[in-house]
Amino acid sequence: MGERKTRYDQVLEGMAIWGSYYRENIDVFVKEYLNITYLKWYQYAVLCLMNANVIFLWIASRGMGKTFITAIFSCVRCILYPGSKVVLTSGTRGQALQILEKIQTELIPRSPNLKNEIDFKETKFSGQDAKVMFKNGSYIKVVTASDTARGNRANLLVVDEFRLVKQDTISTVLKKFLTERREPPYAELTKEEVKLERAKEPNMQFYLSSAYFKDHWSYAQMLSNFRAMLNGGRGAFVCGLPYELAIQEGRMFREDIESDMLEPDFNELKFKMEMEAMWIGGEAGAFFDFDSISKNRRIQYPMLPDHMAAKLGNSQKVKIPPKINGEKRILSADIALMSSKKHNNDASAIFINQMLPTKAGRYTSNIVYGDCFEGMHTEDQALVIRKLYDEFACDYIVLDCTGLGLGVYDALVRDMVDPDSGEIYPALSCCNNQEMAERCTTKGADKVIWAIKGSPSLNSDCAVLLREGFRSSKIRLLVTEYDADTLLSDIRGYNSLTPLEKTRLQMPYVHTTLLIDELVKLQHEESGGRVRIYERAGMRKDRYSSLSYNYYVALQIENKMNRNKVADFDSNNFFMFKAPKIK
């Protein structure tokens, strides 16, 4: 018979067996050891997938319990792998601190064993040195995602909301944390055996976020990991879990989602990204390329109507400025049918184009304001357009005068009275079509309306010119609404506004995003050298129509101004010759 094992040896052997078992079955460990038995099936599945992969990228909708699951896995890793270094970071330090908050307020009170594992004397759940220290030498530490974080080390790097972190920071700072692996003593192994054991335990990287725009670096990162997963390399895994799963499992409720959709500040694209886990961008074969449009989102601040700018103390950043020399402003409007069950995909779209001269003598179109409205009578729409024309000091109005647009035109060519203020707005007339100009009976009316009557030829030209305008960067758009929140926060008074007031101020940015989404989803067909643009069933193209006509007219104005410059050119005043001396 072999030598009888001591109690100590039996305990060590049992620990080794159970430790190995739990490392391979962490869902069981979570239930049996941590006493967390109330997770949904997909949450246990996510924990197992986290444990089985070196690189884990999770695109999660709101309400999936992403932060809570990350907190659980971080604790599991620290307990089952003594001496583990877990580093949490995010686009904002507060986001990373939420993981520690979950440990403090939700996990520790429900798990006596977890409480026993933690060294509370050395643990800090807030502050600059926030960390959870374990008695076995492991720790979970919060680090700010910046250059100041250099020098930290990690066996598990968790980057929450990774799309908000600069790509360069992840590559040059955060990933450098992973240069050292966990170092158990392995007292009874040789150096070579220790080296082989450590090779079996690579450091891990977790990237968690909601979806975003396809032109952002985070989308390329997701695709890279997705391809690695398909090829079976690097132990990579990518998943996207939409809100429908949370509804199915009772974490969210359909009635609440539907209620949110009915809110006046509901943002369809933001919902797709944050709730449906869908990336927003171009589609294969699209006439308008997403990247060529998105690269032109460079305008930081919109021009806001006076009542909106007043919310921000009439800051010069958003207040409508006086024109500079040579500047032109164009208001365009695509007029929709009245809202109805039959035409629920129609809306009137307005854009303001600030044409600014360049040093080369050309113009850049800056789309500084956009709005959209439904269900308004033609007279009401005409009044909105007329007021904005004056308020933005526009030079021209571009109006599609086919269909309902003709009714709005007829209202604009008569004097109008604002029923709220009593102000009288003088009649305007057409500047590009004599027949339309004759519909104005007011003598001396300013000829500023470009009456657009679409034809296959004109519509084709508008589409091609608009695409080329984006490709050549002659059209600039507002930045995303995500950037807007940061930019507007720098203006005094913004942070004290209600959420609804903030959303209203962000709407020009939102309409820009919706414009891009509309553009890249448009269908097209080419025949006889012409392009026909059309929308899918249930989709819209009102923003496209408004902007395409706006830019078309901007080019006509630019060409006319350049022709006038050439006509005014006098070579006698340009070339100077000195009279020759005759000997």
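Residues numbered from 1 in each chain as written. Predicted model: local features only at pLDDT ≥ 70, side-chain atom pairs only at ≥ 80, totals over all residues. Heavy atoms only, no water.

The subject of this paragraph is the pairing of strand 2 (residues 85-90). With 5 of 6 residues buried, strand 2 is to be regarded as a mostly interior element. Alignment of strand 2 against strand 4 (residues 139-142), held across 4 bridges, turns out to be parallel. Looking at strand 4, one finds that Val87 is bridged to Lys141. Sheet topology places strand 2 next to strand 5 (residues 156-160); 5 bridges connect them, and they run parallel. Following the sheet pairing, Val86 is matched in strand 5 by Leu156. (Buried < 20%, exposed > 50% of the residue type's maximum accessible area, 1.4 Å probe, protein only. Helix = DSSP H or I, 4+ residues; strand = E, 2+ residues; numbered from the N terminus. Pairing = 2+ DSSP bridges.)

Turning our eyes to something else, we now look at the packing of aromatic side chains. Under the defined criterion, the tally for this structure stands at 22 aromatic pairs. Judged by centre distance (5.7 Å) and plane angle (55°), the ring pair of Tyr21 and Tyr22 falls under tilted. Where Tyr369 meets Phe392, the ring centres are 5.3 Å apart and the plane angle is 35°; that geometry is what we call tilted. Taken as a pair, Tyr369 in strand 11 (residues 363-373) and Phe392 in the loop between helix 15 (378-391) and strand 12 (396-400) lie far apart in primary sequence, 23 residues in all. Taken together, the ring pairs in this structure connect Trp18, Tyr21, Tyr22, Phe29 and Tyr33 into an aromatic cluster. Above the ring of Tyr38, the side-chain terminus of Arg110 is found at 4.6 Å from the ring centroid. Cation over ring: Arg297 sits above Phe213, and NZ or CZ is 6.0 Å from the ring centre. (Phe/Tyr/Trp six-rings, centres within 6.5 Å; stacked < 30°, edge-to-face > 60°. Lys NZ or Arg CZ within 6 Å of the ring centre and 35° of its normal.)

Moving on: the sheet that holds strand 9 (residues 328-334). One open sheet accounts for 8 strands, arranged 8-17-11-10-9-12-16-15; its pairing is mixed. Strands with a single pairing partner mark the edges of an open sheet, and in this sheet they are strand 8 (297-299) and strand 15 (428-430). On average, each strand axis in the sheet is inclined to that of its neighbour by 35°, with strand direction left out of account. In this sheet, strand 17 (residues 475-478) lies alongside strand 11 in parallel orientation, the contact comprising 2 bridges. Its bridge partner being in strand 17, Ser365 is matched across the sheet by Ile475. Along the sheet, helix 16 (residues 405-412) contacts strand 12, strand 15 and strand 16 (446-452); its crossing angle with strand 12, the most-contacted strand, is approximately 145°. (Axes fitted to C-alpha atoms, helices over the stretch in contact; angles between N-to-C directions. Contact = heavy atoms within 4.5 Å.)

Attention now goes to a negative patch on the surface. Together, Glu255, Asp256, Glu258, Asp260 and Glu263 make up a region of like negative charge exposed at the surface. One can find Glu258 in helix 11 (residues 254-261). Looking at Glu258, the relative accessible area reads 43%, which means it is partly exposed. (Patch = residues over 30% accessible without salt bridge, like charges linked within 9 Å, V, L, I, M, F, W, Y side chains within 5 Å. Areas by Shrake-Rupley, 256 points an atom, 1.4 Å probe, with all protein chains shown as cover. Salt bridge = Lys/Arg side-chain N within 4 Å of Asp/Glu carboxyl O. Lys, Arg positive; Asp, Glu negative; His and termini not counted. Charge placed at Lys NZ, Arg CZ, Asp CG, Glu CD.)

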